[in-house]
Amino acid sequence: MFQGAAALSLDAKGRLAIPSRHRDALTVMSSGQLVITAHPHRCLLVYPVPAWEPIRDKVLAAPSLEARSALLKRLLVGFARDEEMDAAGRVLIAPELRQFAQLDKQVWLVGQGNHFELWSDAGWQKQQEEMLALGADLLPPGLETLSL
């Protein structure tokens, strides 16, 4: 279970050092094998391979001639890159993915249960502002009774 947000830096080669608190879990789950792909909100998704495969298979099973399915395939599967954590716990973020998500040096790795989102600093700050602007309307249908 991946949770929490961490402010991190990409190195000069575009590598991200996965926080140590997540490295062991990723090694156990997937031997450090990750899939990184684009998200429609202009962030990146970082999945351990076993968590990614059912999503990929479901997306690929959608009809190719249906316009929205084809667009989703191009985004999620078309941008998907297999990457491996190195011995230092770093993973390369490919240039085309960095460009898509407008990643500079400062980034945010945000745990989302079985995967992570990777945001540019500006993108993450915008998400925070949008969340706070919703106020009492933040809870979507089905979570109205959530008690914190």
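The model shown is predicted, which means the values in this text are computed figures rather than measured ones. (Residues numbered from 1 in each chain as written. Predicted model: local features only at pLDDT ≥ 70, side-chain atom pairs only at ≥ 80, totals over all residues. Heavy atoms only, no water.)

### Some thoughts on the UniProt feature "domain: SpoVT-AbrB" (unreviewed entry) in the protein
Part 1 of the argument: The sites that carry the UniProt feature "domain: SpoVT-AbrB" (unreviewed entry) are, in the present numbering, residues 5-51 and 80-123.
Part 2 of the argument: The span residues 5-51 carries 30% helix and 40% strand; its end-to-end C-alpha distance comes to 20 Å.
Part 3 of the argument: The straight-line gap between the two end C-alpha atoms of residues 80-123 is 20 Å; of that span, 20% is helix and 41% is strand. (UniProt positions renumbered as here; feature names shortened; annotations may be inferred. Helix = DSSP H or I, 4+ residues; strand = E, 2+ residues; numbered from the N terminus.)

### Some words on the pattern of salt bridges
Part 1 of the argument: Applying the stated criterion across every chain, the model contains six salt bridges.
Part 2 of the argument: A salt bridge links Asp11 to Arg15; the shortest N-O distance between them is 2.6 Å.
Part 3 of the argument: Under the relative-accessibility criterion, Asp11 is labelled partly exposed at 26%.
Part 4 of the argument: On the basis of relative accessible area, Arg15 is assigned to the partly exposed category, the value being 21%.
Part 5 of the argument: With its nearest N and O atoms 3.8 Å apart, the salt bridge here joins Glu130 to Lys126. Pair noted here: Glu130 and Lys126 are both in helix H5 (residues 121-134), with a separation of four residues, about one helical turn. (Salt bridge = Lys/Arg side-chain N within 4 Å of Asp/Glu carboxyl O. Buried < 20%, exposed > 50% of the residue type's maximum accessible area, 1.4 Å probe, protein only.)

### As for helix H3 (residues 67-76)
Part 1 of the argument: Listed in full, the buried residues belonging to H3 are Ser69, Ala70, Lys73, Leu75 and Leu76.
Part 2 of the argument: If you follow the buried residues of H3, they end up packed against strand S3 (33-38), strand S4 (44-48), helix H2 (49-61) and helix H4 (95-100).
Part 3 of the argument: Where H3 begins, one side-chain oxygen reaches toward the backbone nitrogen of Arg68, 3.2 Å away; that side chain belongs to Glu66. (Contact = heavy atoms within 4.5 Å. Polar contact = N/O pair within 3.5 Å; in protein donor to acceptor, adjacent residues only side chain to side chain.)

### Quick notes on helix H1 (residues 20-30)
Since the α-helix turns once every 3.6 residues, residues separated by three or four places project in the same direction.
Part 1 of the argument: Those residues of H1 not exposed but buried are His22, Leu26 and Ser30. All buried residues of H1 lie within an arc of 40° about the axis, which places them on one face of the element. Among the exposed residues of H1, those oriented more than 90 degrees off its buried face are Ser20, Arg21, Asp24 and Val28.
Part 2 of the argument: Taken together, the buried residues of H1 touch S3, S4, H2 and strand S8 (116-120).
Part 3 of the argument: Just downstream of H1 lies Ser31, where phi reads positive at about 55°. (Arc of directions from axis to C-beta.)

### Describing the environment of Ala7
Part 1 of the argument: Inspection of the secondary structure assignment puts Ala7 in strand S1 (residues 5-9).
Part 2 of the argument: Taking the C-alpha atoms as reference points, Ala7 and Val107, separated by 100 residues in sequence, lie 5.9 Å from one another.
Part 3 of the argument: Discounting chain neighbours no more than four positions away, the residues touching Ala7 are Gln106, Val107 and Trp108.

### As for a nonpolar patch on the surface
Part 1 of the argument: Side chains of Met131, Leu132, Leu134 and Leu138 sit close together on the surface and give an oily, nonpolar patch of about 380 Å² of accessible area.
Part 2 of the argument: Here Met131 is to be found in helix H5. (Patch = residues over 30% accessible without salt bridge, like charges linked within 9 Å, V, L, I, M, F, W, Y side chains within 5 Å. Areas by Shrake-Rupley, 256 points an atom, 1.4 Å probe, with all protein chains shown as cover.)

### Brief notes about the side chain of Glu117
Part 1 of the argument: Here Glu117 shows up in strand S8.
Part 2 of the argument: In this structure, Glu117 is buried with no salt-bridge partner, the nearest side chain bearing the opposite charge being Arg21 at 13 Å.
Part 3 of the argument: Within polar-contact distance, the side chain of Glu117 engages the side chain of Trp119 at 2.9 Å.
Part 4 of the argument: When sequence neighbours within four positions are dropped, the list of residues in contact with Glu117 reads Cys43, Leu44, Leu45, Trp108, Leu109, Val110 and Gln112. (Lys, Arg positive; Asp, Glu negative; His and termini not counted.)

### With respect to the packing of aromatic side chains
Part 1 of the argument: Under the counting rule described, the total for this entry stands at five aromatic pairs.
Part 2 of the argument: With 6.2 Å between their ring centres and 45° between their planes, Trp119 and Trp124 make a pair best called tilted.
Part 3 of the argument: Given a relative accessible area of 3%, Trp119 falls into the buried group.
Part 4 of the argument: Among the residues examined, Trp124 registers a relative accessible area of 14% and is labelled buried.
Part 5 of the argument: Through a chain of ring-to-ring contacts, three or more aromatic side chains come together here, namely Trp108, Trp119 and Trp124.
Part 6 of the argument: The side chain of Arg42 reaches across the aromatic face of Phe100, ending 4.8 Å from its centre. (Phe/Tyr/Trp six-rings, centres within 6.5 Å; stacked < 30°, edge-to-face > 60°. Lys NZ or Arg CZ within 6 Å of the ring centre and 35° of its normal.)

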